Amino acid sequence: MMDGGFWTNRKVFRKDGQSFSVFRGDGTGTKAISFMARRIDWDTYFMRIAREVSGRSTCDRKHVGAVIVRDRTILSTGYNGSISGMPHCDDVGHMMDGGHCVATIHAEANAILQAARNGVMIKGAAVYISASPCWNCFKMIANTGIRRIVYGEFYRDERIFEIARTVGIEMVDLSEADWK
Ligand SMILES: [Zn+2]
Ligand SMILES: [Zn+2]
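Summarised in this report is the structure supplied together with it. (Residues numbered from 1 in each chain as written. Chains lettered and ligands numbered in written order. Predicted model: local features only at pLDDT ≥ 70, side-chain atom pairs only at ≥ 80, totals over all residues.)

**A look at the overall build of the chain**
Part 1 of the reasoning: What the chain contains, in helices and strands, is five helices and 12 strands.
Part 2 of the reasoning: Evaluated residue by residue, the chain yields a buried proportion of 28% over its 180 residues. (Helix = DSSP H or I, 4+ residues; strand = E, 2+ residues; numbered from the N terminus. Buried ≥ 20, exposed ≤ 12 C-beta atoms within 10 Å, placed from the backbone.)

Structure representation (structure tokens):
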């Protein structure tokens, strides 16, 4: 216990992302002094950007965004949309096949393609996707050499998890995390 006048400061983090500093030392117990926003972690940061990217999607069956990252640097982004130069689903309707819209190129595929167009090496990178990859996109991701897939919600294919384990891709589920 310190004498009055010498106060120690510690920070308490709450689940809602706010923190507040607690000063103590005068013998009267603790009291909250100030509120400040907690600095967000990198996974939260990039997943929120992926969600922002999904806002550009042109197929309203599902809006998905993807961000490819290495060394905390964004290498490319993508959202699900039609072939360049073709009309958007939102304007002309979907191209349905087996219960799915096949008019669009998926977000993670477009992020890979954007990197390819610009000659950006994505081997060893991570991809942040607002929804977990479908089987076709997962296969592509695996063969790019991307070794970490962070997803904001589960989409539809359970097979990807076992294959990811087999080939050494880390799957990170942020569906319960505090990024929304
Ligand atoms: Zn569509
Ligand atoms: Zn896909």
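**A look at helix α3 (residues 107-118)**
Residues lying three or four places apart along an α-helix face the same way, a consequence of the helix completing one turn every 3.6 residues.
Part 1 of the reasoning: Taking 1.5 Å as the rise per residue, α3 with 12 residues should run 16 Å; its terminal C-alpha atoms sit 17 Å apart, in good agreement.
Part 2 of the reasoning: Within α3 the residues assigned to the buried category are Ala-107, Glu-108, Asn-110, Ala-111 and Ile-112.
Part 3 of the reasoning: Here the buried face of α3 lies against α1 (42-54), β4 (65-70), β5 (73-79), β9 (104-105), β10 (126-129) and α4 (135-144).
Part 4 of the reasoning: Gly-119 lies just past α3 and shows a positive phi near 70 degrees. (Expected span 1.5 Å × (residues − 1). Contact = placed C-beta atoms within 7 Å.)

**What to know about the pairing of β5**
Part 1 of the reasoning: Bridge count between β4 and β5: six bridges; the pairing is antiparallel. Within β5, the position partnered with Val-69 by the bridge is Ile-74. (Pairing = 2+ DSSP bridges.)

**Structural notes on the nonpolar core**
Part 1 of the reasoning: Counting residues in each nonpolar core, the largest one holds 31 residues, and the members touching the most others are Ala-66, Val-67, Val-127, Tyr-128 and Ile-129.
Part 2 of the reasoning: Within the residue set of this core, elements represented by two or more residues are α1, β4, α3, β10, α4 and β11 (148-151).
Part 3 of the reasoning: Those residues in contact with Tyr-128, other than ones at most four positions away along the chain, are Phe-46, Met-47, Ala-50, Ala-66, Val-67, Val-69 and Val-150. (Core = buried A, V, L, I, M, F, W, Y, C linked by C-beta atoms within 7 Å.)

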